[in-house]
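Notes for the structure review
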Amino acid sequence: MYKAKAYAAPSQTSPLGSTNISRRDPTDQDVQIEILFCGICHSDLHQVRNEWKEVMPTVYPCVPGHEIVGRVTKVGAGVTKFKAGDLAAVGCMVDSDRTCPECQAGLEQFCPNFTLTYNFPDKHLGGVTYGGYSDSIVVDQRFVLHVPSNLNLAGAAPLLCAGITTYSPMRHWGVTKGQKVGIVGLGGLGHMGVKFAHALGAHVVVFSTSPNKKDDALRLGADEVVISKNADEMQKHAGSFHFILDAVSADHDINAYINLLRRDGNVVLVGAPEKPLAVSAFGLLMGRRSLSGSPIGGIPETQEMLDFCGKHNVTADVEVIPIQKVNEAYERLLKSDVKYRFSIDMASLKSE
Ligand code: NAP
Ligand code: ZN
């Protein structure tokens, strides 16, 4: 066991601050990583503020962060995938049971016994797992990903959650050339959704509450932008979408988007607001429409997504911040004021 520097929230109402945490020494299958960048996901904020208390109550102190890239510093004797000096990445999961049908299918995100990167029982040290707002982490090689060497590292970190969470449902439901695809909410997830849908050849329409994001949406790959508060603009798209990805973090009217689907169209929720959404039965049944959800993605698909990003040179648009600005960043997230992901430069932790 050794001590690592980290930023933690001591309680649901207190700001994050500097602390020391214990990490295990790498065992046979483990990879030890010096964390270089960690993205800030809105899930970090939900979790730190215990907004998901019904499903995943937060244990304090909480060290969030599941968009991790870094460099391997040490590997266990049985590690074959990595060596010291390699680039490496870790996303939302650090373990699973590896034996259930989901794990065998490479769909670890559905394993009933998975271990999330933070706020989950830690099988090695007891207590809960601690995430990437830290200078190092130790993870089983099976849950460590390779980062294509051409990618900017600060921009690559968000791929580990915002990237895979938007890539996976588009692949699963077969988003392809010629389809009309909507992306709701131009935040961290939404802006990756735009990049992937555009790269897959779809006609992409962004729905945003922020008129000042219009030019960016077009630059990121959207073909059209709709300001969702404008009912006339919304109405023009009624009954026309094959697929809509909803990446909104707060309460909103989901029926407005269900009504934009064509027959057999599908709204996929990736956003995870604190409160349940009210769904009108008629919106769904009139067009045999679907409302679905999708969590992150499995390890093989996460590697596939990273390789796709390497090939197409896709990364997140990031604002790089020192860890000392994390509390301010959370406040800005709540105001939809991020273009389009905060990425923490973990070198800033050295001065703590
Ligand atoms: P984010 O960067 O804060 O983006 C959320 C966007 O939602 C905002 O930029 C804003 O876009 C829109 N929005 C915010 N409040 C709104 C409101 N009241 N009404 C309508 N639109 C609103 O958050 P994120 O990191 O992308 O995460 C988005 C959600 O996905 C969070 O709930 C997060 O927990 C969840 N998530 C789920 C998974 C999964 O596995 N399914 C993985 C990661 C994250 P505009 O300014 O364009 O309107
Ligand atoms: Zn996330």
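First things first, this report covers the structure right here in the doc. In this text the structure is predicted, and so the values were computed from the model without any measurement.

What follows deals with the nonpolar core. Judged by nonpolar contacts, the single largest core of 97 residues is most densely connected at Ile 40, Val 69, Tyr 133, Leu 159, Met 170 and Phe 196. With 6 residues, the single largest contributor to this core is strand 3 (residues 30-40). When residues are assigned to domains, this core turns out to be shared by domain 1 (2-161 + 297-351) and domain 2 (163-293), each giving three or more. Here Leu 159 is in contact with Leu 151, Ile 164, Met 192, Met 305, Leu 306, Cys 309, Val 314, Thr 315 and Ala 316, once residues within four sequence places are set aside. In this structure, Met 234, Phe 241, Ile 254 and Leu 261 belong to the second largest nonpolar core, which totals 14 residues.

Secondary-structure assignment places Gly 178 in the loop between helix 4 (162-172) and strand 9 (180-184). Other than its neighbours up to four places away in sequence, Gly 178 contacts Gly 201 and His 242.

With that settled, the discussion passes to the coordination of the zinc ion (ligand 2). Within the protein, the zinc ion (ligand 2) binds to Cys 41 (SG), His 66 (NE2) and Cys 161 (SG); these donor distances fall in the range 2.0 to 2.2 Å. Positions of the donor residues of the zinc ion (ligand 2), expressed as sequence spacing, correspond to C-x24-H-x94-C. Of this pair, Cys 41 sits in the loop between strand 3 and helix 1 (42-48) while Cys 161 is found in the loop between helix 3 (153-156) and helix 4, placing the two residues 120 residues apart along the sequence. When sorted by exposure, Cys 41 lands in the same class as Cys 161, which is buried.

This part takes up the site of ligand 1. Close to ligand 1 lie 30 residues; Ser 208, Thr 209, Ser 210, Lys 213 and Arg 341 are nearest. Ser 208 places a side-chain nitrogen or oxygen 2.6 Å from an oxygen atom of ligand 1. The contact in question runs from an oxygen atom of ligand 1 to an N or O atom on the side chain of Ser 210, over 2.5 Å. In the complex, 89% of the free accessible area of ligand 1, which totals 930 Å², lies under the protein chains. Counting residues per element, the ones that place at least two in the shell around ligand 1 are helix 1 and helix 5 (188-199). Ranked by residue count, the leading element in the shell around ligand 1 is helix 1, at 3 residues. Considering only residue class, the shell around ligand 1 consists of 13 nonpolar, 14 polar and 3 charged. Among the domains, domain 1 (2-161 + 297-351) and domain 2 (163-293) are the pair contributing at least three residues each to the shell around ligand 1.

So, on to the sheet that holds strand 12 (residues 241-246). In space, the 6 strands of this open sheet follow the order 11-10-9-12-13-14, with parallel pairing throughout. At either margin of the open sheet sits one strand with a lone partner, and together these are strand 11 (224-227) and strand 14 (290-293). Taken over all neighbouring pairs, the strand axes of this sheet differ in orientation by 20 degrees on average, direction set aside. The sheet contact formed by strand 13 (residues 261-269) and strand 14 spans 4 bridges and is parallel. Within strand 14, the position partnered with Leu 269 by the bridge is Gly 293. Against the sheet, helix 4 contacts strand 9, strand 12 and strand 13, and its axis sits at roughly 155 degrees relative to strand 12.

On to helix 5, then. The end-to-end C-alpha separation of helix 5 is 17 Å, in line with the 16 Å expected for 12 residues at 1.5 Å each. Extensive coverage of helix 5 is indicated by the burial of 10 of its 12 residues. Within helix 5, the full set of buried residues consists of Gly 188, Leu 189, Gly 190, His 191, Met 192, Gly 193, Val 194, Lys 195, Phe 196 and Ala 197.

Cis peptide bonds are those with omega within 30 degrees of zero, and the linkage from Tyr 60 to Pro 61 qualifies with -5 degrees. The topology assignment puts Pro 61 in the loop between helix 1 and strand 4 (68-75). A cis amide bond links Lys 339 with the next residue in sequence, Tyr 340, at an omega value of -15 degrees. Residue placement: Tyr 340 occurs in the loop between helix 11 (326-334) and strand 16 (341-345). Despite not being glycine, Arg 98 shows a phi value in the positive range, around 65 degrees. With respect to the secondary-structure elements, Arg 98 resides in the loop between strand 6 (93-95) and helix 2 (101-104). We note that Asp 264 has phi near 65 degrees; this positive angle belongs to a residue other than glycine.

Counted according to the given criterion, the structure contains 18 salt bridges. As a salt-bridge pair, Glu 304 and Arg 171 come within 3.5 Å of each other at their nearest N and O atoms. Here Glu 304, found in helix 10 (residues 299-312), pairs with Arg 171, found in helix 4; they are 133 residues apart in sequence, far enough to count as distant. Among the residues examined, Arg 171 registers a relative accessible area of 40% and is labelled partly exposed. With its nearest N and O atoms 2.9 Å apart, the salt bridge here joins Asp 337 to Arg 332. A relative accessible area of 36% means that Asp 337 is categorised as partly exposed. A cluster of three or more residues bridged by salt bridges with shared partners is formed by Lys 195, Asp 216, Arg 219, Asp 317 and Lys 339.

Basis of the calculations
- Residues numbered from 1 in each chain as written.
- Chains lettered and ligands numbered in written order.
- Predicted model: local features only at pLDDT ≥ 70, side-chain atom pairs only at ≥ 80, totals over all residues.
- Heavy atoms only, no water.
- Core = buried A, V, L, I, M, F, W, Y, C linked by side-chain atoms within 4.5 Å.
- Buried < 20%, exposed > 50% of the residue type's maximum accessible area, 1.4 Å probe, protein only.
- Helix = DSSP H or I, 4+ residues; strand = E, 2+ residues; numbered from the N terminus.
- Domains from an automatic or database assignment.
- Contact = heavy atoms within 4.5 Å.
- Donors = N, O, S within 2.8 Å, 3.2 Å for Na, K, Ca; no water.
- Near = heavy atom within 4 Å.
- Polar contact = N/O pair within 3.5 Å; in protein donor to acceptor, adjacent residues only side chain to side chain.
- Areas by Shrake-Rupley, 256 points an atom, 1.4 Å probe, with all protein chains shown as cover.
- Nonpolar A, V, L, I, M, F, W, Y, C, P; charged D, E, K, R; others polar.
- Pairing = 2+ DSSP bridges.
- Axes fitted to C-alpha atoms, helices over the stretch in contact; angles between N-to-C directions.
- Expected span 1.5 Å × (residues − 1).
- Salt bridge = Lys/Arg side-chain N within 4 Å of Asp/Glu carboxyl O.

That's the geometry; what it means functionally is another story.
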